[in-house]
Structure formats: structure tokens, C-alpha cells
Amino acid sequence: MLEPALLPTPLVDCADEVFARAGVELRLKRDDLLHPSVPGNKWRKLAPNLAAAVAQGHTRLLTFGGAYSTHLRAVAAAAAALGLESVGLVRGEELADRPRNWSLRAAERAGMRLEFLTRAEYREATGRADAGPTADPQGRWGPCLVLPEGGSNALAVTGAAAIPAELPGLGGHDVVCCPVGTGGTLAGIAAGLPPGARALGVAVLRGGEGYLEGEVTRLHRAAYGREFDNWRIDHAHHGGGYGKVPAELAAFAERFEARHGIPLERRYVAKLLAALTGLAAAGAFPRGTRLTAVVTGLPDPE
């Protein structure tokens, strides 16, 4: 059985002098504490998909990810808890014969079968627009429920849409913020907001301008049959690209942890908080704005 989630997750005030000088309030939505094995936005996005898998009688899950994918580990743990098989298609065939890193070891320990693909095969299998015809994963790996890279699909959006409901009193002075990798969490937050409140996503990959906006819009249409105009994505704080943690970002995270006693995941959460700090210092938010930053995951153990 899958252990129950901690809901609602804690909402904590974060007194910080940069935000105070800007007249801006900062709160942290501690979704990193949501679940012991399927933490943060991964639980939000996977829960409705897992319920659908069980209801439809699926016995195998298939999904995609890179060498350090939190999504792969989360799917592996959740599938094992529910008695389902799991297959993870990993980007990078050169990894097949190398010693497993801590992340892939964790996925395999949970029972996930890993298949390593060339980058071209991976693009084709995930059905990206620049890869030509979409591959049929079931034709090669057998009957399964296919979950997209990062877990972002229409059901995932409805799961993430529950976040604003756990934030009482949202109104016109509120901006709910999250990092953006595939767009599902931001799409859900925007869809769940009451009138007047807005959502801000911070892109963690370089060169995503236009693409990520298109993904969020596509997910809104798939989940709700409509578009939303209460969100935007900041593309100026990706730290050099996906998975990149430059020295300046690492130093910011260490200072934040020392001041506030909250451990920061570096590839997503630290980029979000560094972006909000820089934007607040630059006067990008009107005085009186209340920012709620969703802490979407845990730091890497290594």
C-alpha cells in the first residue's frame, strides 16, 4: 500500500530582509514534506494517474526521464507500493554499462526495469515535436499505462490544481510561484487560483521561451478545455540550463539554508527562490504583494 500523504502541507512564513525591504511577503508551501517516497509535486501529479491506472486494471507503468530524474524514482516507488510493474526509459544509452548513480540505483531497488535509449530514440519515444512520428512504447515494452516525461498530463494538472485550495485567503495581492520543468505544476496552480490571484513559474531549463508557454497552454486545454490568462513564466533565472547549478546559485542556497533552516533542492527549488529574491530586490513586485513559493521537492541525498 502507498503511504498516506501529509495534506494539507505546511505553509510557513519566511521573514527575509530582501523581501522586507521590497515590501513583499514571502511564504513557503512545504510540498517537500508531502510524502516520504513520492515527494512534492511528484505526488500531486502522480496520484490521479495512479488512481486511473488501478481503476483501469493496468499492471505496468512506463515512463521517461534523465539520469537523475526524480520522476523515475517516484514512479518506481509508487508502482512498487501498489503492486505494479514499472519500466523507465532513460535518456542516454552510454549510461547502460556505467555504474548506476544514486538516483538510478534507487529506481532499480524499487523494482523499476531501466531501458537506456539514445537521445534520438528518447525524443521519438517521448513524442517530441522535433522528432518526427511518435513511437509506440506499448509495441516494444508490452501493455502499459504510459506516463509522460515529468508526469505532466491532464490528470496531473488536476492534481496540482489542489495546491491553491490549501492557501486560504488568496486574492489580488497574491502570486503563487513554482519552478517549471514540464509545466504541469504551473498549469495546475493557475487553474486552481481564485479570481485576482496570479501564478508565476520560473523556468529551470534554458531556451524554453515559447515552448514552455505552449506546454502550459496545451495542458490547460487537455485538462479543462480552455485557456487561462493568470500566469506567466520567468526565463531569466535558469542558472545555465537544466540540471546546472552554478557556484553563485549553490552559494545562494547555502545562505538561504543557514538563515531559514530549510534544506533546498538545487535544480528546481533553489532556482525558484533565487529568482524571487532577485526580482524582489529589483522592484518587480508591487509593494504589498504576497508571494507563496511552492517547495516542490527534496534535496538530492548525494
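Residues numbered from 1 in each chain as written. Predicted model: local features only at pLDDT ≥ 70, side-chain atom pairs only at ≥ 80, totals over all residues. Heavy atoms only, no water.

Engineer: What am I meant to see in the overall build of the protein here?
Structural biologist: Per the secondary structure count, the protein includes 11 helices and 10 strands. Taken over C-alpha atoms, the radius of gyration comes to 19 Å for the protein, in line with the 19 Å a tight globule of 302 residues would show. For the protein, the spread of C-alpha atoms along the three principal axes comes to 55 × 40 × 40 Å. Burial statistics for the protein: of 302 residues in total, 52% are counted as buried. By sequence separation, contacts in the protein at least 24 residues apart represent 73% of the contacts at least 6 residues apart. When the 33 basic and 32 acidic side-chain charges of the protein are each reduced to a single mean position, those positions are 1 Å apart. (Helix = DSSP H or I, 4+ residues; strand = E, 2+ residues; numbered from the N terminus. Rg over C-alpha atoms; globule rule 2.2 N^0.38 Å. Buried < 20%, exposed > 50% of the residue type's maximum accessible area, 1.4 Å probe, protein only. Contact = heavy atoms within 4.5 Å. Lys, Arg positive; Asp, Glu negative; His and termini not counted. Charge placed at Lys NZ, Arg CZ, Asp CG, Glu CD.)

Engineer: Help me understand the sheet that holds strand S8 (residues 198-203), please; the structure alone is not making it clear to me.
Structural biologist: Sheet strands associate in pairs through backbone hydrogen bonding, adopting either a parallel or an antiparallel arrangement. Taking strand neighbours across the sheet as the criterion, the 6 strands line up as S1-S2-S10-S7-S8-S9 in an open arrangement whose pairing is mixed. Across the chains shown, the open sheet's two edge strands, defined by having one partner strand only, are strand S1 (11-13) and strand S9 (231-234). Ignoring which end each strand starts from, the neighbouring axes of this sheet average 25° apart. Note: S1 against strand S2 (residues 25-29), 3 bridges, orientation antiparallel. Counted as the bridge partner of Val12 is Leu28 from S2. With respect to the sheet, helix H9 (residues 211-224) is in contact with strand S7 (174-180), S8 and S9, its orientation differing from that of S9 by roughly 150°. (Pairing = 2+ DSSP bridges. Axes fitted to C-alpha atoms, helices over the stretch in contact; angles between N-to-C directions.)

Engineer: Any chance you could explain the pairing of strand S5 (residues 113-117) here in plain terms?
Structural biologist: Regular strands have side chains that alternate between both faces of the sheet. In this structure, strand S4 (residues 85-91) lies alongside S5, joined through 5 bridges in parallel fashion. Bridge pairing in S5 links Val87 to Arg113. Following the chain from S4 across helix H4 (residues 102-109) to the adjacent parallel S5, one finds a crossover that is right-handed. (Right-handed = clockwise from strand over helix to strand, strands pointing away.)

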